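# Structure assessment
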Amino acid sequence: MKDKFMKNGVFSLEYDKETLKDMVLELQEESQKQKEVIDKAINLNEKIKHFVYENLLEENIIGSKIIYEFVEKQNKILKEVSE
């Protein structure tokens, strides 16, 4: 985005409405992509949590609880970041 403020190879704080509009649209697009990645991570974590709960809990209670709690904490962080 720094290149938006470059004029004739020199950094300038002068800008116009089109430049600002382009910058806002670029940031919105980047934000949307980040939200999509976070949502995918949350969905994956939910699948892992469900798998652990359904398949490992009976065989290895301590290990399963550790994984389950880790996924829960990770989801909480991801949800906070995505808001």
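One can find the structure itself at the top, above this paragraph.
Summarised in this report is the structure supplied together with it.

What counts and how
Residues take numbers from 1 onward in each chain, read along the sequence in its written order. Where local features are concerned, this predicted model is filtered to residues with pLDDT of at least 70; where side-chain atom pairs are given and counted, the filter is 80 or more; whole-chain, interface and lining totals use all residues. Where side-chain values are given, they derive from all heavy atoms of the structure, hydrogens and water being excluded. The helix and strand labels rest on DSSP assignments: H or I over at least four residues marks a helix, E over at least two residues marks a strand, and numbering proceeds from the N terminus. Only heavy atoms matter for contacts: two residues are in contact if any of them lie within 4.5 Å across the pair. Where accessible areas are quoted, they stem from the Shrake-Rupley method and a 1.4 Å probe; at the residue level, only the protein chains shown are allowed to cover. Burial classes follow relative accessibility: with a 1.4 Å probe on protein chains only, a residue under 20% of its type's maximum area counts as buried, one over 50% as exposed, and anything between as partly exposed.

## Overview of the overall build of the protein chain
Scanning the protein chain for helices and strands turns up two helices and two strands. Counting from the amino terminus, helix and strand elements in the protein chain follow one another as β-β-α-α. The long-range share in the protein chain, meaning contacts at least 24 apart out of those at least 6 apart in sequence, stands at 39%. In the structure as shown, the protein chain presents an accessible area of about 7,100 Å², 57% of it carried by carbon and sulfur atoms.

## Quick look at the environment of glycine 63
Relative to the helices and strands, glycine 63 resides in helix 2 (residues 61-82). On the basis of relative accessible area, glycine 63 is assigned to the partly exposed category, the value being 21%.

None of the figures reported here should be taken as evidence of function without further support.
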